[in-house]
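Structural description and commentary
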Amino acid sequence: MPIPKVVTTRRQLKEAIAFIGDREEFAFDVETSGEHRGVPALNRVTWISLASRGGTTVIPMGHPNGYQTISKATRRKDRATGKFIPVPAVFSPPPDQLTPAEVFQELQPLFFSGRTKIAHNAVFDLVSVAKYFGQIPPPPYGDSIVAAWLIDENRPALGLKPLVEARYGLRYDQEGVGKRVEAHPFGTVADYAWMDAWTTWLLYTHLRPQITAAGLDGVWSLEMDVLEALLPMRAAGAPVDVAALERLRDDLRTRIVGAEAEVYRAAGRVFNLASNPQRQQVLYGPRPAGQGLKPKKTTKTGAASTDAQALSTYQGKNAVVDRLLEYQELSKILSTYVEGYLGNEESGKASRIYNGRIYPTFAQYGTVTGRFSSYDPNIQNWPRSDSDIGKAIRDIIEPPPGFALLVADYAQIELRILAHFAKEGALWQGFWDGLDAHVATASTIFGIAPEDVDRAARQIAKGMAYAILYGAGAQKLADMAHISLPKASHFMRVHERAFPEIYAYKDDLLRTARRRRPVPYIKTLLGRHRRLPDLRSHAEGLRKRAERQLVNSHIQGTNADITKLAMTRFDRTRLDGMQMLLTVHDEIAVLCPQEIAQEGAAVLYDAMAGPEMQLLSVPLTTDVKIVNRWSEAK
DNA sequence: CAATAGAGCGCT
DNA sequence: AAAGCGCTCTATTG
């Protein structure tokens, strides 16, 4: 029996499910509505479409519209004011539809079976439907966005529409139906949702064999396990102390008003502190209107830079500079981390806190190196705990009563990975001897005993380590370590003599990558690829850049492999009540019932650094802290 | 009005 | 001529 195209009756639903149920794997896609349509823990699913070999179906369950009956115009000009006013579309009543309860009850056997559930960005769709099932559908999973990313991590747009257009030359959403399905007619949305499931199926069946052909089955399996670990995280979100955030808002607002006034007083004029052209005038314009400072730095377009680095020369010497830097710090925190979450009526910012929780999205496909990215909100760039303001921000994560926060991070993991790849030498030995890596490096470079290494020497060594990782030049090192350029060059030469194995590793890696066809690439510890076409560029600047990216990707990507593996291990071994909250590249934070905090910490430790995680030829160590607030961890 | 670019800045 | 991100604001362009 063929599959019905649009399902509005129980009989059709049973037919559709019987058809899909005959298959081992199926793709699905949800359309969501409501205030929180982008938050899968809270949104309302108004359509679900299913596709598999030979058939695709779409199931509406609460679409509000029928046909569009009056005008196609979306806005009209007001005669009196000349402004545009939105015109609400007028629709006929929608057809009778099944309810979500009816639909998900029937879908239960399909989703809670051994069939492979495939979607494009599957975490979103799986968590969206999990609410209706009362639990998260089990693996196996497939994800066409992850597949496309593993095959080409450099692709700028991984969305379903760009991929479908690139592969099939097909464009089916010119009007942006998917952005707001409830604003479109029933038939339009039916076609749209149907296409989403169908194209997801097409893409997946096209891409999945390519994963195998490219030798990426290992990372694919890792990423599907990561996807599984992300589901409960995304479903639960992270609890936030709203009252503390509001107090912080009030405090910052007061301080900013003062800071702003002080800038104006010092400058002798009022201007827009956030406008670069105006800041340039005030700082670099001739006296008396401006401060007459000499620009120390230009932006990439050649303008006089007013960033903190450019102004640092005049710190303590010019009152406008000092006050401006203070203002800048406060206003960054307020707008990004406080009002960005609480919302702000005046500027029209929406709140990002729902039921006392934020729901950051961790995109496992969000970077070219294999790391996660985080957005809406980005929780990976919260200010560090070494300032009071940073502490206050981090501390808005509030464990519920009876819960502790476990915070674990890998110690110097990128340097350990570097030592592992270099296989031998002073860095490698230093990790085995349990030395502080930077102290050990300083001791080697300067030829002094470790106990004689002072802070300045350690700072230079640390700068050196990151210079190697990121491929910085002598100038950058000089800036970082606050030393002269000749000194920096000298230390870099000494470093090269003291750690020949590191430079041999880099050369080797470059050679291996260059030999690969058709495009040069590296493989991380767990087999992830990073392609760098520019490694063969004839433009020296591009080629050198690609060389730096290659070394960095090898190390950063291996770090991502290890952290992602640790997350999957944690997900499998976590005790009842434990919940992963967030991950910041080399760090994992977890909620744990207070009474099992010790056992929980041991489980987390083992997941991150237990015997099975000793994947490197140097020890991989982790520090797990049991705290009440995040800032206490550092 | 919406989208984009540029500058700037938070993090590992 | 330092790798990888996302967010906010202003100014400009469509």
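Above this text is the structure in question.
Residues numbered from 1 in each chain as written. Chains lettered and ligands numbered in written order. Predicted model: local features only at pLDDT ≥ 70, side-chain atom pairs only at ≥ 80, totals over all residues. Heavy atoms only, no water.

**Some remarks on the overall build of chain A**
The condition is simple: Elements are defined by DSSP. Helices are runs of H or I of four residues or more, strands are runs of E of two residues or more, and each kind is numbered from the N terminus. The reference for a compact globule is 2.2 Å times residues^0.38; the radius of gyration itself is calculated from the C-alpha atoms. Between two residues, a contact is recorded if the distance between any of their heavy atoms is within 4.5 Å. All accessible areas in this document rest on Shrake-Rupley with a 1.4 Å probe, and a residue is counted as covered only by the protein chains that are shown.
Across its full length, chain A carries 21 helices and 17 strands. Taken over C-alpha atoms, the radius of gyration comes to 28 Å for chain A, in line with the 26 Å a tight globule of 634 residues would show. Along the first, second and third principal axes, the C-alpha set of chain A runs to 80 × 65 × 60 Å. For chain A, restricting intrachain contacts to residue pairs at least 6 apart in sequence, the fraction spanning at least 24 positions comes to 65%. Carbon and sulfur atoms provide 51% of the accessible area of chain A, an area that totals close to 29,200 Å².

**Section: the protein's contact with DNA strand C**
Selection criterion: A molecule or strand has a residue near it when one of that residue's heavy atoms lies within 4 Å. Nitrogen and oxygen atoms within 3.5 Å of one another constitute a polar contact, given that in protein one can donate a hydrogen and the other can accept it, and given that sequence-neighbouring residues count only through two side-chain atoms.
Around DNA strand C, the surrounding shell holds 31 residues, and the nearest of these are S275, D376, G473, K476 and M480. In the interface set of DNA strand C, defined as its atoms within 4 Å of the protein, sugar plus phosphate atoms amount to 73%. Between V368 and DNA strand C, the recorded distance is 3.1 Å, taken from a backbone N or O atom to a phosphate oxygen. G473 is positioned such that a nitrogen or oxygen atom in its backbone is 2.7 Å from a phosphate oxygen of DNA strand C. At the level of secondary structure, the elements contributing two or more residues to the surface near DNA strand C comprise α11 (319–342), β11 (373–375), α17 (474–481) and α20 (540–573). Among the elements that line the surface near DNA strand C, the one with the most residues is α20, at 5 residues.

**Some thoughts on the nonpolar core**
Formally: Remark: nonpolar core denotes a set of buried residues (Ala, Val, Leu, Ile, Met, Phe, Trp, Tyr, Cys) joined through side-chain atoms within 4.5 Å. Any residue under 20% of the maximum accessible area for its type is buried, any over 50% is exposed, and the rest in between are partly exposed; the area is computed with a 1.4 Å probe on protein chains only.
In this structure, I48, L50, L107, F111 and W382 are the most contacted members of the largest nonpolar core, which totals 186 residues. Top element by residues in this core is helix α6 (residues 186–213). It accounts for 13 residues. Residues contacting L50, with those up to four places away along its chain left out, are I20, F26, A27, F28, G55, T56, T57, I59, L107, L110, F111 and A197.

**A look at the sheet that holds strand β15 (residues 579–583)**
So the rule is basically this: Strand pairing is assigned whenever DSSP detects at least two bridges linking the two strands. For every element, the axis is a line fit to its C-alpha atoms; helices are fit only across the contacting stretch, and the angle between N-to-C directions ranges from 0 to 180 degrees.
Read from one edge to the other, the open sheet built from 4 strands follows the order β15-β16-β12-β17, with strand pairing classed as antiparallel. The open sheet has two edge strands, β15 and β17 (622–627), and neither has a second partner. Strand-to-strand twist in this sheet, taken as the mean axis angle between neighbours without regard to direction, amounts to 20°.

**Let's talk about the protein's contact with DNA strand B**
Note the cut-off: Polar here means any residue outside two lists: the nonpolar Ala, Val, Leu, Ile, Met, Phe, Trp, Tyr, Cys and Pro, and the charged Asp, Glu, Lys and Arg; Gly therefore counts as polar.
Taken together, the neighbourhood of DNA strand B is formed by 23 residues, with T299, T301, T306, Q328 and R384 sitting nearest. Considering DNA strand B, the proportion of its atoms within 4 Å of the protein that are sugar or phosphate atoms stands at 85%. For DNA strand B, a phosphate oxygen lies 2.7 Å from a polar atom in the side chain of T299. Take T306: an N or O atom from its main chain is 2.7 Å from a phosphate oxygen of DNA strand B. Among the elements that take part in the surface near DNA strand B, α11 stands out by supplying 3 residues, more than any other. Taken together, the residues of the surface near DNA strand B sort by class into 5 nonpolar, 10 polar and 8 charged.

**Some thoughts on the pairing of strand β6 (residues 116–119)**
Quick note on the threshold: By definition, the crossover connecting two strands over a helix is right-handed if that path, from the first strand to the second, turns clockwise as seen with the strands pointing away from the viewer.
In β6, alternate side chains face the same way, and those of T116 and I118 on one face and K117 and A119 on the other are all buried. Pairing analysis gives 3 bridges linking β6 to strand β7 (residues 141–143), with the strands arranged parallel. Note that in β7 the partner of A119 across the bridge is D143. Each parallel crossover has a hand, and for β6 linked through helix α3 (residues 122–133) to β7 it is right-handed.

**Here we look at the packing of helix α16 (residues 455–470) against α17**
Where we set the bar: Should the near helix be turned anticlockwise from the far one by less than a right angle, the crossing is termed left-handed; should it be turned clockwise, right-handed.
Between α16 and α17, the shortest axis-to-axis distance is 9 Å and the interhelical angle comes to 145°. Of the two elements, α16 crosses α17, and the hand of that crossing is right-handed. Where α16 abuts α17, its residues Q459, I460, G463 and M464 lie against L477, M480 and A481.

**A short note on the pattern of salt bridges**
Heads up, the rule is: Any carboxyl oxygen of Asp or Glu that lies within 4 Å of a side-chain nitrogen of Lys or Arg is treated as forming a salt bridge with it.
If you walk through the whole model with that rule in mind, you get 32 salt bridges. Residue D217 is joined to R208 by a salt bridge in which the shortest nitrogen-to-oxygen separation is 3.3 Å. One salt bridge connects D251 with R255, and the closest N-O pair in it is separated by 3.5 Å. With D251 and R255 both in helix α8 (residues 242–267) and 4 residues apart, this pair spans about one turn of that helix. Using a relative accessible area of 37% as the deciding quantity, one classes D251 as partly exposed. A relative accessible area of 43% means that R255 is categorised as partly exposed.

**With respect to helix α4 (residues 144–151)**
Among the 8 residues in α4, 8 count as buried, and that is most of the element. Buried within α4 we find S144, I145, V146, A147, A148, W149, L150 and I151. The N-capping residue of α4, defined by a side-chain oxygen 3.0 Å from the backbone nitrogen of I145, is D143.

**Topic: the side chain of T558**
Position of T558 among the secondary structure elements: in helix α20. Taking the relative accessible area as the measure of exposure, T558 reaches 0% and is therefore buried. Aside from chain neighbours lying at most four places away, what touches T558 is I417, F421, T524, L525 and S553.

**Description of unusual backbone geometry**
Most peptide bonds take the trans form, and the phi angle of most residues other than glycine is negative. Omega for the bond connecting P139 with P140 falls within 30 degrees of zero, at 5°, which places this linkage in the cis form. Position of P140 among the secondary structure elements: in the loop between α3 and β7. A cis amide bond links D376 with the next residue in sequence, P377, at an omega value of 0°. Even without being glycine, N121 reaches a positive phi, approximately 70°. The phi angle at H482 is positive, at roughly 55°, despite the residue not being glycine. When you line up the elements, H482 lands in the loop between α17 and α18 (485–498).

**A few points about the environment of E612**
Looking at the element boundaries, E612 is found in the loop between α21 (597–609) and β17. Take E612: its relative accessible area is 60%, and that puts it in the exposed class. Sequence separation between E612 and P520 is 92 residues; the distance between their C-alpha atoms is 31 Å. In terms of polar contacts, E612 uses its side chain to reach the side chain of R569, at 3.3 Å.

**Observations concerning the packing of aromatic side chains**
What counts is decided by this rule: When two rings of Phe, Tyr or Trp (its six-membered ring) have centres within 6.5 Å they constitute a pair, described as stacked for plane angles under 30 degrees, edge-to-face for angles over 60, and tilted for the intermediate range. Remark: a charge is flagged as sitting over a ring if the NZ atom of Lys or the CZ atom of Arg is within 6 Å of the ring centre and within 35 degrees of the ring normal.
The final tally for this structure, using the stated rule, is 20 aromatic pairs. An aromatic cluster is present here, built from F26, F28, F104, F111, F112, Y132 and F133 joined pairwise through their rings. Sitting over the ring of F19, R23 keeps its end group 4.2 Å from the ring centre.

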